[in-house]
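Close look at the chain arrangement
Each chain, written out:
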Amino acid sequence: MKLPIVAYGDPILKRVSVDIGPDYPNLKELIADMFETMYAARGVGLAAPQVGHSIRLFIIDATPFNDDEPDLKDFKKVFINAHMIDETGEKWPFNEGCLSIPDIREDIYRCSNIRLSYLDENFVHHEESFKGLAARVIQHEYDHTDGKLFTDYLSPLRKRLIQKKLNDISRGIVKAEYKMKFPAVKKGR
C-alpha cells in the first residue's frame, strides 16, 4: 500500500526516533509499504518518520546509481536501529533532494566513508562500512531518524533564500507526483 509522505514542517521530521524490537506491530507490512511508496515516488531511500512513524527504520535501493558505481547494482537494504559508528574521509558535495521536500535540491557536503551498526529486517545484527553514493544515501536516511533534514546543512543565507518554498511545501503549495501529508493544511474543507 502506498503511504502518504510527510511534508516539510511536520514535527515528526525533527524528532529523534526510537529503537524498536521484533515485536513492533505490523513491521513486515510497514517495510513492504515503504518500498512500494518509495518506488512510486521514484526515490532511492525512505525513512519511517517520512511516513509518520518515529522509529529507527529506513530502507534504501541505490540500484539507480549503479551506472556511476557498479557496486550499487542490486543494493537494496533495510536498516533497523541503525547507529553511526564513524564518518571519515573527505567531505564531498552532491546535489541532494528529499521526498518530504519536493522540488528543492541543494549541494550537501558529506563524508565519503561511514561505519554503521544496524539490524536487518530479520533482526540480524550487522556492523558494516559503506563508501561513496551508498554512504551518502545512508547518511541522508539516517539523518531522518535523528530528526535532521538535508536543509539543516545549508548556510543561514541559503536557507533564508529558499524559506518561502519551504513554507509553501508545508502548506501544500507544491506539485508532487505522489501522495503527501501537509502539516499546515487544515482538514475538513
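A few words now on the overall build of the chain. Per the secondary structure count, the chain includes three helices and seven strands. Along the chain, from the amino end to the carboxyl end, the secondary structure elements read β-α-β-β-β-β-β-α-α-β. Taking 189 residues into account, the globule formula puts the C-alpha radius of gyration at 16 Å, and the chain, at 16 Å, falls close to it. For the chain, with 189 residues in total, the buried portion stands at 48%. Summed over its atoms, the accessible surface of the chain is roughly 9900 Å², and 52% of this surface lies on carbon and sulfur atoms. Once the 28 positive and 29 negative side-chain charges of the chain are each reduced to a mean point, those two points are 9 Å apart.

Attention now moves to the nonpolar core. In terms of nonpolar packing, the biggest core is built from 38 residues, with I31, M34, L46, L57, I59, I80 and I101 touching the most fellow members. Breaking this core down by element, the ones donating at least two residues are β1 (5–6), α1 (27–40), β3 (57–61), β4 (76–98), β5 (101–119) and α3 (156–170). Among the elements that take part in this core, α1 stands out by supplying six residues, more than any other. What M34 contacts, discounting residues up to four positions off in sequence, is L3, L46, A47, A48, V51, L57, F58 and I59.

Turning to the packing of aromatic side chains, a few remarks are in order. Within this structure, the stated rule accounts for seven aromatic pairs. Here the aromatic rings of W92 and F94 are separated by 6.0 Å at their centres, their planes lie at 70 degrees, and the arrangement is edge-to-face. Among the aromatic residues, those joined into a ring-pair cluster are F58, F75, F79, Y118 and F130. Between the NZ or CZ atom of K76 and the centre of the ring of F35, over which it lies, the distance is 4.6 Å. Lying over the aromatic face of W92, R136 brings its terminal NZ or CZ to 4.3 Å of the ring centre.

This part is about the pairing of strand β6 (residues 125–131). Sheet topology places β5 next to β6; seven bridges connect them, and they run antiparallel. Looking at the pairing, S117 lines up with E127 of β6. Count of turn residues in the β5/β6 antiparallel hairpin: five residues, of which F123 carries a positive phi of about 60 degrees.

Despite not being glycine, D103 has its phi angle at roughly 70 degrees, a positive value. Judged by relative accessible area, which is 59%, D103 ranks as exposed. Not every positive phi belongs to a glycine, and F123 is a case in point at roughly 60 degrees. Locating F123 in the fold gives a position in the loop between β5 and β6. Of the residues examined, F123 reaches a relative accessible area of 21% and is grouped as partly exposed.

For the structure shown, the criterion picks out 14 salt bridges. K77 is paired through a salt bridge with E128; the nearest N and O atoms lie 3.8 Å apart. In this pair, K77 sits in strand β4 while E128 sits in strand β6, placing the two residues 51 residues apart along the sequence. What makes E128 partly exposed here is its relative accessible area of 25%. E127 is the salt-bridge partner of R115, the closest N and O atoms lying 3.4 Å from each other. A residue pair is termed long-range when its members are at least 10 positions apart, and R115 in strand β5 and E127 in strand β6 qualify at twelve residues. Because the salt bridges share partners, they merge into one network encompassing E96, R110, R136 and D143.

Moving on: the pairing of β3. Taking burial as the measure, the five residues of β3 include five buried ones, the bulk of the element. Burial of β3 is two-sided: the residues L57, I59 and D61 facing one way and the residues F58 and I60 facing the other way are all buried. The pairing of strand β2 (residues 45–47) with β3 spans three bridges and is classified as antiparallel. Note on β3: the bridge partner recorded for G45 is I60.

Cut-offs applied
Residues numbered from 1 in each chain as written. Predicted model: local features only at pLDDT ≥ 70, side-chain atom pairs only at ≥ 80, totals over all residues. Heavy atoms only, no water. Helix = DSSP H or I, 4+ residues; strand = E, 2+ residues; numbered from the N terminus. Rg over C-alpha atoms; globule rule 2.2 N^0.38 Å. Buried < 20%, exposed > 50% of the residue type's maximum accessible area, 1.4 Å probe, protein only. Areas by Shrake-Rupley, 256 points an atom, 1.4 Å probe, with all protein chains shown as cover. Lys, Arg positive; Asp, Glu negative; His and termini not counted. Charge placed at Lys NZ, Arg CZ, Asp CG, Glu CD. Core = buried A, V, L, I, M, F, W, Y, C linked by side-chain atoms within 4.5 Å. Contact = heavy atoms within 4.5 Å. Phe/Tyr/Trp six-rings, centres within 6.5 Å; stacked < 30°, edge-to-face > 60°. Lys NZ or Arg CZ within 6 Å of the ring centre and 35° of its normal. Pairing = 2+ DSSP bridges. Salt bridge = Lys/Arg side-chain N within 4 Å of Asp/Glu carboxyl O.

Don't take any of this as a statement about function, it's just geometry.
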